[in-house]
Amino acid sequence: GVLQRAEAKNQNGRIYPKEVLMREAKKYNTLIKERRALGELDHPESSVVNLNNVSHNVLEMGWNGNDLVGKVEVLSTPSGNILKELFKSGIKLGISSRGMGSVKEVMREGGNTLEVQPDFELVAFDFVSNPSTHGAFLSPVNESVNKVVTQKYSNVENIITTIIREF
């Protein structure tokens, strides 16, 4: 599913420049290769991933235009089990990046917006109830004893998200 989107204003009023996200995605892919791309259920206050609250691990990540997309494995941890049960109950959950850095107010088409600055550092992707990135909702595609893997959201959701963004 969509993990993050470059060059589009999100619900927090922020725009992530593609070059900043590309740099951070490249760094994050190292964590993915090492099976250390862990995330939590809801954003914590801390910039450190707390192993007691880990619910999932990002397995793959790449670009589809300006969309940073990926696959996620839900872990059999206490938070991961909550996540699995929410999915089993048909709850629609989003994913959201967690990072540190500054923003600067800039004039863009459509008015002033907050642009994420080059000092941004990606920490993790966390599951949330209301993601700031439009259309960043994931759903399970298969389930085994130990994992639920999520896939890119459906074409219908993609079309709806595009229409909403244009208005």
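See the structure above.
Residues numbered from 1 in each chain as written. Predicted model: local features only at pLDDT ≥ 70, side-chain atom pairs only at ≥ 80, totals over all residues. Heavy atoms only, no water.

A.B. asks: Could you clarify how one ought to interpret the overall build of the protein in this entry?
C.D. replies: Secondary structure assignment for the protein yields three helices and 11 strands. Along the protein, from the amino end to the carboxyl end, the secondary structure elements read β-β-α-β-β-β-α-β-β-β-β-β-β-α. Counting only residues that meet the buried cut, the protein has 43% of its 167 residues in that class. Accessible surface, the protein as shown: approximately 9000 Å² in total, 51% of it carbon and sulfur. (Helix = DSSP H or I, 4+ residues; strand = E, 2+ residues; numbered from the N terminus. Buried < 20%, exposed > 50% of the residue type's maximum accessible area, 1.4 Å probe, protein only. Areas by Shrake-Rupley, 256 points an atom, 1.4 Å probe, with all protein chains shown as cover.)

A.B. asks: Please explain the sheet that holds strand E8 (residues 111-116) as it appears in this structure.
C.D. replies: Strands pair in a sheet through their backbones, by hydrogen bonds, and they do so in one of two ways: parallel or antiparallel. In space, the three strands of this open sheet follow the order E2-E8-E7, with mixed pairing throughout. The open sheet has two edge strands with one neighbour each: strand E2 (14-15) and strand E7 (103-108). Where E2 meets E8, two bridges bridge the pair, whose relative direction is parallel. Counted as the bridge partner of arginine 14 is leucine 114 from E8. (Pairing = 2+ DSSP bridges.)

A.B. asks: Would you take a moment to explain helix H2 (residues 78-88) for this structure?
C.D. replies: Turn by turn, an α-helix covers 3.6 residues, leaving residues three or four places apart pointing in a common direction. When we look at burial in H2, the residues that qualify are Ser79, Gly80, Leu83, Lys84 and Phe87. All buried residues of H2 fall inside an arc of 145° around its axis, so they share one side. Opposite its buried face, H2 presents the exposed residues Pro78 and Lys88, each directed more than 90 degrees away. Immediately beyond the C-terminal end of H2, within one or two residues, lies glycine 90, with a positive phi of roughly 80°. (Arc of directions from axis to C-beta.)

A.B. asks: I'm lost on unusual backbone geometry in this one. Help?
C.D. replies: The general pattern is negative phi for most residues beyond glycine and trans for most peptide bonds. Phi at glutamate 7 is positive, roughly 60°, even though this residue is not glycine. In this model, arginine 35 sits at a positive phi of 55°, which is unusual for a non-glycine residue. Relative to the helices and strands, arginine 35 resides in the loop between helix H1 (18-33) and strand E3 (38-40).

A.B. asks: What is the right way to look at the nonpolar core in this model?
C.D. replies: Proteins that are soluble and globular tend to have nonpolar side chains buried together. Tyr28, Val58, Met61, Phe125 and Phe127 are the most contacted members of the largest nonpolar core, which totals 25 residues. Contributions of two or more residues to this core are made by H1, strand E4 (54-64), strand E5 (67-74), H2, strand E6 (93-100) and strand E9 (121-128). In this structure methionine 61 touches Leu3, Ala25, Tyr28, Asn29, Ile32, Leu68, Val69, Gly70 and Phe125, once residues within four positions along its chain are discounted. (Core = buried A, V, L, I, M, F, W, Y, C linked by side-chain atoms within 4.5 Å. Contact = heavy atoms within 4.5 Å.)

A.B. asks: Explanation requested: the pattern of salt bridges in the structure shown.
C.D. replies: A side chain with one charge can pair with a side chain of the opposite charge if their charged atoms come near. Applying the stated rule across the entire model yields eight salt bridges. Of the charged contacts in the structure, one is a salt bridge between arginine 35 and glutamate 73, with a shortest N-O distance of 3.0 Å. A residue pair is termed long-range when its members are at least 10 positions apart, and arginine 35 in the loop between H1 and E3 and glutamate 73 in strand E5 qualify at 38 residues. We classify glutamate 73 as buried; its relative accessible area is 9%. (Salt bridge = Lys/Arg side-chain N within 4 Å of Asp/Glu carboxyl O.)

A.B. asks: I tried to follow the environment of glycine 70 on my own but got confused; where do I start?
C.D. replies: Note on placement: glycine 70 falls in strand E5. Through-space distance from the C-alpha of glycine 70 to that of glycine 1 is 5.5 Å; in sequence the pair is 69 residues apart.

Everything listed is a geometric property; what it means functionally is a separate question.
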